[in-house]
Amino acid sequence: MASMPGAETAPLVGAPAAQAAAAPAAPAGLRRRRVRRAASLGVFFVLWHVATEWDLAFYVRFQNIPTPAQVLAEAVDLFGAAGFYVHILASLERIWLGFAIASVLGIGLGLLIGWFSFAEDTLFPPIELLRPIPAVAWVPLSIMLWPTERSSIVFITALGAFFPIVLNTIHGVESIDRQLVRAATSLGAGRAAIFREVVIPGALPSIVTGLSVGMGVSWLCLISAEMISGQFGVGYFTWVAYGIVKYSQIVVGMLVIGVLGMMSSALIRVIGARCMPWLPRRAKGGS
Amino acid sequence: MSTGRIEINDLGIAYGANSRRVEAVRQFTLMTTPGEFVALLGPSGCGKTTVLNAVAGFVQPDAGTIVLDGEPVRGPGADRGMVFQQHSLFPWKTVLANVEFGLKMRGIKKSLRTSQARGYLDLVGLAGFEDAYPAELSGGMQQRVGIARTLVNRPRVMLMDEPFGALDAQTRLNMQELLLNVWREVRTTVIFVTHDIDEALFLSDRVAVMTARPGEIRDVVAVKLTRPRAAEVITTAEFMALKARVLAQVREESARVAPGPRR
């Protein structure tokens with residue numbers, strides 16, 4: 001990547017994205033970079049095609065891996081029938097529920113623990129204790145704890161998202177500039193007003209970071225849980241495809257998981273940026 | 001205007017405990033008359049900000065009393081507005097919302113507080129910047145918002161903690177003139193902490209020179225330069241004489257803080 005043309009065009013990276021997109025003819029350097037990126041993707045698909053078409057086997061074995069064309073054909077078939085959508089909707093429902101529960105609990109507890117030392121002393125120790133346990137390790141207990149398969153998978157999904165959300169919220173509250181709290185009190189703010197007007201907005205950038213990380217973790221947990229115990233969901237679909245020797249379905253499942261995960265992270269970023277119009281453009285995440 | 005009388009009596013403040021206890025302020029006594037502009041001047045670390053924080057109610061005194069218009073100071077309150085050195089605006093609020101904050105805390109309805117806030121933004125020359133966020137403003141503009149945000153509450157006293165200390169020299173001069181113009185309009189009592197002698201003399205009715213830590217009053221210099229003052233006043237003989245007197249005292253106190261290669 002660190003080639004000479006890259007060094008030449010480096011200053012263009014700093015140009016505002018909006019300006020670059022609006023320009024009818026992108027600067028030569030920028031166009032060259034886009035071409036390079038498209039070529040990189042092209043090479044990836046060519047390598048995939050070559051490895052699977054020629055059945056390469058040199059310790060890593062490509063004999064059973066479907067070709068890009070097979071995967072595309074399988075995807076067309078799957079999306080043409082209703083059955084596949086049942087799996088997608090099941091996963092989306094679990095993600096949405098689990099993530100919503102984790103957000104409400106994580107942000108709520110995080111704000112309390114970060115701001116009130118009483119809450120920190122009484123609520124934080126169990127969180128600290130359970131935090132190092134990966135959510136997937138909870139699967140057996142979760143099956144025993146919850147009455148339905150759906151509720152136990154939602155539990156795993158929520159658990160995975162909860163820890164990054166609560167920890168980032170606590171961190172956000174603790175990093176609030178004390179001078180802003182003093183400023184608010186000398187302007188007549190009481191305790192409730194300080195919490196509402198200073199603590200919550202002050203922690204918001206960290207909260208959004210936590211939500212973003214939490215969304216990634218909750219997908220990870222959802223797919224694992226669906227693969228271990230389930231009758232629906234994209235994770236279940238992908239695992240079952242392996243069992244019934246439908247190898248192109250495995251790859252379609254993987255790609256769908258990737259796309260859905262990417263879209264949910266993008267959604268968090270967009271909502272985050274909407275909620276924090278005061279942050280400079282570059283800090284809003286973006287590509 | 002009859003509010004804004006501050007009586008600081010025998011104030012003593014120490015930080016830390018036991019062997020590491022550091023006395024920041026000792027037997028500090030100062031009175032202001034309503035509408036007076038008083039500067040607290042002294043070497044860094046002399047406790048002048050500690051005095052200001054005690055008047056604001058952020059710090060509890062260990063000894064002595066602070067009384068504002070007959071009522072002892074117990075904690076922070078909107079009757080004593082503070083303008084900080086920098087970065088004290090709420091980054092997530094627009095300029096207008098920052099200035100409205102104090103009025104919102106008093107439960108004043110939106111339309112009324114917007115019109116009042118706009119009035120004070122006008123006063124500090126920031127009409128047209130209502131919808132900007134603090135990060136989009138220069139340091140000097142941010143401080144002007146800070147002043148408007150404090151004054152909109154009509155405080156009995158405005159406490160200013162080196163409010164122009166982080167600005168470049170040219171901006172600082174402009175801000176000092178702007179502050180005097182604004183103060184002439186509102187006539188609130190001001191306690192202004194600074195280590196800049198020119199700034200203290202240019203702005204104030206009286207300059208309280210503090211000793212090195214623990215901070216006590218060393219001298220109170222009355223500045224009888226006629227108002228309104230323009231920047232040129234600092235070149236007059238009268239100003240020079242006052243400056244010579246204050247400079248000698250500040251030099252001595254600074255030397256006590258850091259006995260180094262000075263002589």
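Residues numbered from 1 in each chain as written. Chains lettered and ligands numbered in written order. Predicted model: local features only at pLDDT ≥ 70, side-chain atom pairs only at ≥ 80, totals over all residues.

**Concerning the overall build of chain B**
Working step 1: Within chain B, the regular secondary structure consists of seven helices and 10 strands.
Working step 2: Taking all 263 residues of chain B together, the buried fraction comes to 45%.
Working step 3: The contacts of chain B with a sequence gap of at least 6 include a subset with a gap of at least 24, amounting to 71%. (Helix = DSSP H or I, 4+ residues; strand = E, 2+ residues; numbered from the N terminus. Buried ≥ 20, exposed ≤ 12 C-beta atoms within 10 Å, placed from the backbone. Contact = placed C-beta atoms within 7 Å.)

**Description of the sheet that holds strand E7 (residues 157-161) of chain B**
Residues and elements named next belong to chain B.
Working step 1: Read from one edge of the open sheet, six strands run E6-E7-E8-E3-E9-E10, paired in mixed fashion. What marks the edges here is a single partner per strand, and that holds for strand E6 (80-83) and strand E10 (217-222). If you compare each strand with its neighbour and ignore which way they point, the axes differ by 20° on average.
Working step 2: The sheet contacts of helix H7 (residues 237-257) involve strand E3 (37-41), strand E9 (206-210) and E10, and relative to E10 the element is tilted by about 170°. (Pairing = 2+ DSSP bridges. Axes fitted to C-alpha atoms, helices over the stretch in contact; angles between N-to-C directions.)

**A closer look at helix H3 (residues 28-53) of chain A**
Residues and elements named next belong to chain A.
Working step 1: Taking 1.5 Å per residue as the helical rise, H3 with its 26 residues ought to reach 38 Å, and the 37 Å between its terminal C-alpha atoms agrees with that figure.
Working step 2: Taken across its 26 residues, H3 has one buried, putting it largely on the surface.
Working step 3: Aspartate 55, located one to two residues past H3, shows a positive phi value of around 50°. (Expected span 1.5 Å × (residues − 1).)

**A word on the sheet that holds strand E5 (residues 71-72) of chain B**
Where strands meet in a sheet, backbone hydrogen bonds hold them as pairs that are either parallel or antiparallel.
All names here are of chain B.
Working step 1: Strand order in the open sheet formed by four strands is E2-E1-E4-E5, with antiparallel pairing between adjacent strands. Looking along the sheet, the strands with just one partner apiece sit at the ends: strand E2 (22-31) and E5.
Working step 2: The pairing of strand E1 (residues 6-15) with E2 spans six bridges and is classified as antiparallel. Bridging from a neighbouring strand, alanine 14 pairs with glutamate 23 of E2.
Working step 3: Sheet strands in contact with helix H1 (residues 48-56) are E1, E2 and strand E4 (63-68), and its direction is about 115° off that of E1.

**Things to note about the confidence of the model for chain B**
Working step 1: Averaged over all residues, the pLDDT of chain B equals 92, while 97% of them reach at least 70.
Working step 2: Prediction confidence for the complex, expressed as pTM and ipTM, is 0.85 and 0.91 respectively. (pLDDT = per-residue confidence, 0-100.)

**Remarks on the domain arrangement of chain B**
Residues and elements named next belong to chain B.
Working step 1: The domains assigned to chain B are domain 1 (1-77 + 157-263) and domain 2 (80-154).
Working step 2: Listed by partner, the interface residues are 23 residues for domain 1 and 18 residues for domain 2.
Working step 3: Looking at the side of domain 1 that touches domain 2, the elements that each hand over two or more residues are H1, E7 and helix H5 (169-186).
Working step 4: Across the side of domain 1 that touches domain 2, the residue classes tally to 15 nonpolar, five polar and three charged. (Domains from an automatic or database assignment. Nonpolar A, V, L, I, M, F, W, Y, C, P; charged D, E, K, R; others polar.)

**Observations regarding the pairing of strand E8 (residues 189-194) of chain B**
All names here are of chain B.
Working step 1: Of all six residues in E8, six are buried, a share of seventy percent or more.
Working step 2: Here E8 shows two buried faces, one formed by Thr189, Ile191 and Val193 and the other by Val190, Phe192 and Thr194.
Working step 3: One ladder, built from five bridges, connects E3 with E8; its direction is parallel. Across the sheet, residue leucine 40 finds its bridge partner in E8, namely valine 193.
Working step 4: The pairing of E7 with E8 spans five bridges and is classified as parallel. Note on E8: the bridge partner recorded for valine 157 is threonine 189.
Working step 5: Taking the sense of rotation as the criterion, the β-α-β connection linking E7, H5 and E8 turns out right-handed. (Right-handed = clockwise from strand over helix to strand, strands pointing away.)

**Here we look at the nonpolar core**
Within soluble globular proteins, side chains that are nonpolar generally end up buried alongside one another.
Working step 1: If you look at the biggest cluster of nonpolar residues, it comprises 80 residues, and the most contacted ones within it are Leu41(B), Val55(B) and Ala148(B).
Working step 2: In terms of residue count, the dominant contributor to this core is helix H2 (residues 95-105) of chain B (seven residues).
Working step 3: Of all hydrophobic cores here, the second largest spans 44 residues; its members include Phe99(A), Phe162(A), Ile170(A) and Met215(A). (Core = buried A, V, L, I, M, F, W, Y, C linked by C-beta atoms within 7 Å.)

**Observations concerning the interface of chain A and chain B**
Working step 1: Taken together, the 14 residues of chain A in the interface contact 22 residues of chain B.
Working step 2: Elements represented by at least two residues in the side of chain A that touches chain B include exactly helix H9 (178-186) and helix H10 (191-228) of chain A.
Working step 3: Counting residues per element, the side of chain A that touches chain B draws most heavily on H9(A), which supplies six residues.
Working step 4: Its residues assigned to classes, the side of chain A that touches chain B comprises eight nonpolar, four polar and two charged.

**Describing the domain arrangement of chain A**
Working step 1: When cut into domains, chain A gives domain 1 (4-65) and domain 2 (71-284).
Working step 2: Spacing between the C-alpha centres of domain 1 of chain A and domain 2 of chain A amounts to 31 Å.

**A few points about the packing of helix H5 (residues 83-115) of chain A against helix H11 (residues 234-243) of chain A**
All names here are of chain A.
Working step 1: Across the interface, H5 lies against H11 with an axial gap of 7 Å and an inter-helix angle of 135°. When the axes of H5 and H11 are compared, the pair comes out oblique. Residue-level contacts link His87, Ile88 and Ser91 of H5 to Val234, Gly235, Tyr236 and Phe237 of H11.
Working step 2: Grouping the amino acids of the contact of H5 with H11 by side-chain chemistry returns four nonpolar, three polar and no charged. (Parallel < 35°, antiparallel > 145°, perpendicular 65-115°, else oblique.)

**Looking at H1(B)**
Residues and elements named next belong to chain B.
Working step 1: Extensive coverage of H1 is indicated by the burial of nine of its nine residues.
Working step 2: Regarding H1, the residues found buried are Lys48, Thr49, Thr50, Val51, Leu52, Asn53, Ala54, Val55 and Ala56.
Working step 3: Following H1 by one or two positions, glycine 57 adopts a phi angle in the positive range, close to 95°.

**Side note on unusual backbone geometry**
All names here are of chain B.
Working step 1: In this structure, the amide linkage connecting arginine 213 to the following residue, proline 214, adopts the cis form with an omega of -5°.
Working step 2: One can find proline 214 in the loop between E9 and E10.
Working step 3: The step from arginine 227 to proline 228 runs through a cis peptide bond, and the omega angle for that step is -5°.
Working step 4: Here proline 228 shows up in the loop between E10 and H7.
Working step 5: The backbone of arginine 187 sits at a positive phi, close to 55°, despite the residue not being glycine.
Working step 6: With respect to the element layout, arginine 187 can be found in the loop between H5 and E8.

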